[in-house]
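# Commentary on secondary and tertiary structure
Below are the chains, spelled out letter by letter.
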Amino acid sequence: MFDPAPQVVVGLEIGTSKVCAVVGELHPHGTLNIIGLGQARSRGVRKGEIVDNSAAAEDVRAALAEAEQMADVEIRSVYLGVSGAHIQSFNNRGHHTIPSHDRVIMEDDVRDVVGNARAFNLPADRHVIHVIRQHFIVDGQPGVVDPVGMPGAQLEVDLHVIHGITTRLQRPIRVVKGLQIEVENIVFTGIASSLAVLSPPDKQRGVLLIDLGAGITDYVVYADGIVRHTGTLAVGGDHVTNDLACGLNVSQGRAEALKCTYGGAQVGPDVKGRTLALSSDHGLPERPLNLEHLRRIMAARLEETFEIISSDLEQHRLLESLHAGVVLCGGGARVPGITELAERIFGVHAVVGRTQTISGLVATLDQPEFATGIGLVRFGAFQQPAARGSRWTSRLRQTLVHWKSMLRVL
Amino acid sequence: MNPSAGVSSTPTSSPPAPPGARVIGVGGAGLQVVEGLLRQGLPGIACAGIHTDARRLQSSPLPRKLLLGGQVSRGLKAGEPEVSRRLAEAEPEALRHLCEGADLIILVGGLGGNTAAGAMPVLARAARESGALALVLATLPFDFEGRRRQVQARTALEELRSAADAVISLPNQKVAALLDERTPLTETLEHIDELLGRGVHGLLRLLRRDGLINVDFADLCQVVRGRPAESCFATAEAEGENRARDLVEKLARHPLLDSGRDLAEADALLISLTGGPDLSLKDVNQVMEHINRAAEHAQMVMGALMDPALNGRLAATVIVSRRSTPELAAAAPGGEIAADPAPPAAEFPTHDAPGAGGREQIRTPGSGASRHFVPPPPELTPEQAERLLAERAGPAGIRRRARGKPEQIALPLQVVSKGRFARTDPTVYQGMDLDVPTFRRRGILLN
């Protein structure tokens, strides 16, 4: 049988350590295949936000070119991952009284209640990135997934809203558009990562995803199958490197290398009192470095990062709902012992997330660093018309920013 | 005219005051203030006046008067501070006589005037030599009086700092900020005199040693002495229900305290609360709580007094020593010298301040041309004097503002190097700067 040509979906993440473009192929019957990957070392980004436009543009160009070559396609548009300390989130509830005599909830009522919930006030300089629907509440009964056809007098809905400062969101968009490439949509990188590594059962049971990036740490909490909470913390692997450079009195480059070679999230008995005899760049012997100090500095930073996230979840009373534990991704998930540290702080099971739900370049892509890129492609795939097969949800699409359909698929 | 003829013979006795307190007005402004005090009636305080102007001195009702240089200048005022200094130095006997028998001498004068600027340091030294504590209360000239006067006042102030036990200054320009712009000049001047008078009153009240919580001269010295920074004072009064709060607010907005900025930058602070018989612990508590918060880095000396005349009211006298910047401290080592018990009077350097520089040294016959070697001023170079002057330029001074900013930045958090995040938006979480290495913030020791 003759299939129409598969659609190309590209996810682009302009991260602090690397720019990563992932090319996916979406077949008409819904399967997603990763066919290309392009990477470039990022030079114009700090803490997840672009600080050097021209350098960032160059890196994006290089990453896209590599991805184009590998996938043998021409990239015209991308789904762009955004992050940054300015991104915030909140939950908002909308109310609607059912006007019909028989008191049966119709699709129009659902649209109205969502419209009411979207009527929130944001400062003028903020832009909404995502509006994610949580659960419906029918006559005070929470946790209703699909209220259409149910009898009820009062319909309420909770929305999770992620927003950021408009001008800072525009920075990466401008960089990409400057390369004559369209931006289909912007996606919060935490959400993108969660799409790549979290499985529906995990989301149902309650899970915390932490994306330990180089410049920024994003986290997303799912429970009962919906997004409960999202957050960012502008602390990442760069901070670990910087701490090491400060504490051990070495250069940033050397600190980075030390972190990757000897790093660990816990001090452990094996490093107590151990020193490393390192040679300088010229091969001359240098003063010895204390491995225990290195680990202590790293552990302090990672511990603090987790503790801040933990206290944020505690404030939102979400710590108890993490029945499926903690999933880590991003470059920071490679640090030895990081899962044990997370287990200690959150008190639940912790694993490094795997992007196993995607076909294609599996071996290459099953790395925690690519979770965001793959998640962006996934996000894009949900938005492509061919992937949307659900019935009435197509009507909600405009208002719900494609979240409904995505949750269905998952 | 014989100089000693101007000095009346009997010093009045002073039972309730600090034993042997004496207020001496130097120059025109000083005389005004002391006369004002005399009119109000200061029980048991001996008042005296010194001037170079015979006519002004003659019309003064003060019981003890000293005319400087009656023979040299024929009582026609001193043309510049150097002259009055020579005149004062030429009459050590008369000065000593004036200071004799007193334990505390408060010198009052306007440093913009020639007599005060020249003679006050000499008198302060004489007072100390005669065994009394010398406390100087001086006004600094208005901005409009010109740069020369400012420099002269500055120089004199520096000199006084090394000569006297304690110096408290009152910049006229700041007083002007207290008043409506359209206030007549005479009223403004009267107001300044009144302020100075109140300052003297406040000081005497403070030192009378009958307070509920005592402050004595040693405490005062602790605040104002040995600090290269300037001390300033302010008084405020409030009454009614919320008098404690009102009082704090008045102090916080007080122009003499730079609208409270002096409090925040205070290095040492002396506060004396005076209330009527109804002075409650709550009042004291409330005021002190606010003051402590406003001046958290300051060394605090606190006193409380009861004055039946103040029934229902609450008054506070605050003396503040500002923290000085390092260059200011370097410019004025006078603070250290102040601890020296007897600075040699004869070898006082001439200040080659800008404006005063280049003019011929006037040598009076009394002093003799060869008596003094004039070394370059060690305390204050012209640039330093200028810098001090610029900083002095009052609330509108741009440099003062500019200096205020870096103070803000110099939070302890920022002192620590942030490495590659030095120029990024700080990541602040609950008041912590997360860009600073965690192990530093948590005090994890690496040895």
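Residues numbered from 1 in each chain as written. Chains lettered and ligands numbered in written order. Predicted model: local features only at pLDDT ≥ 70, side-chain atom pairs only at ≥ 80, totals over all residues.

### Section: the overall build of chain A
A tally of regular secondary structure across chain A gives 13 helices and 19 strands. In chain A, once contacts between residues fewer than 6 apart in sequence are set aside, the share between residues at least 24 apart is 69%. (Helix = DSSP H or I, 4+ residues; strand = E, 2+ residues; numbered from the N terminus. Contact = placed C-beta atoms within 7 Å.)

### Structural notes on the overall build of chain B
Along chain B, the regular secondary structure elements total 18 helices and twelve strands. Counting across all 447 residues of chain B, residues that qualify as buried make up 47%. Contacts spanning at least 24 positions in sequence make up 79% of the contacts within chain B whose residues lie at least 6 apart. (Buried ≥ 20, exposed ≤ 12 C-beta atoms within 10 Å, placed from the backbone.)

### Examining helix 4 (residues 92-99) of chain B
Residues and elements named next belong to chain B. Residues of helix 4 that are buried include every one of Ala94, Leu95, Leu98 and Cys99, and no others. Down the axis, helix 4 shows its buried residues gathered within 130° of arc, on one side only. Of the surrounding secondary structure, the elements contacted by the buried residues of helix 4 are strand 1 (21-26), strand 2 (46-51), strand 3 (64-67), helix 3 (81-89), strand 4 (104-110) and helix 5 (114-129). (Arc of directions from axis to C-beta.)

### Examining the interface of chain A and chain B
The interface of chain A with chain B comprises 20 residues on the first partner and 16 residues on the second. Counting only elements with at least two residues in the side of chain A that touches chain B, the list comes to helix 6 (237-248) and helix 8 (291-315) of chain A.

### A word on the sheet that holds strand 17 (residues 326-329) of chain A
Residues and elements named next belong to chain A. Spatially, five strands are ordered 14-13-12-17-18 in an open sheet, and the strand pairing comes out mixed. Bordering the open sheet on either side are strand 14 (226-233) and strand 18 (350-352), each of which pairs with just one other strand. Within this sheet the neighbouring strands show an average axis-to-axis angle of 20°, counted without direction. Note: strand 17 against strand 18, three bridges, orientation parallel. Bridging from a neighbouring strand, Leu328 pairs with Val352 of strand 18. Along the sheet, helix 4 (residues 189-197) makes contact with strand 12 (207-212), strand 13 (217-223), strand 14 and strand 17, crossing strand 13 at roughly 55°. Sheet contacts for helix 9 (residues 338-346): strand 12, strand 17 and strand 18; angle to strand 18, the most-contacted strand, approximately 150°. (Pairing = 2+ DSSP bridges. Axes fitted to C-alpha atoms, helices over the stretch in contact; angles between N-to-C directions.)

### What to know about the sheet that holds strand 7 (residues 88-97) of chain A
Residues and elements named next belong to chain A. Pairing within the open sheet is antiparallel, and its four strands lie in the order 7-10-8-9. Taken across any chain shown, the strands that pair with only one partner, and hence form the sheet edges, are strand 7 and strand 9 (141-144). Going across the sheet, the axis of each strand differs from the next one's by a mean of 40°, ignoring polarity. Its contacts with the sheet place helix 2 (residues 107-117) against strand 7, strand 8 (126-138) and strand 10 (154-165), and it is angled at close to 135° to strand 7.

### Section: the pairing of strand 3 (residues 32-41) of chain A
All names here are of chain A. Examined bridge by bridge, strand 2 (residues 18-26) and strand 3 share nine bridges and lie antiparallel to one another. The residue bridging Leu26 from the neighbouring strand is Leu32, located in strand 3. Hairpin geometry of strand 2 and strand 3 is characterised by an intervening segment of five residues between the two adjacent antiparallel strands and by a positive phi of about 105° at Gly30.

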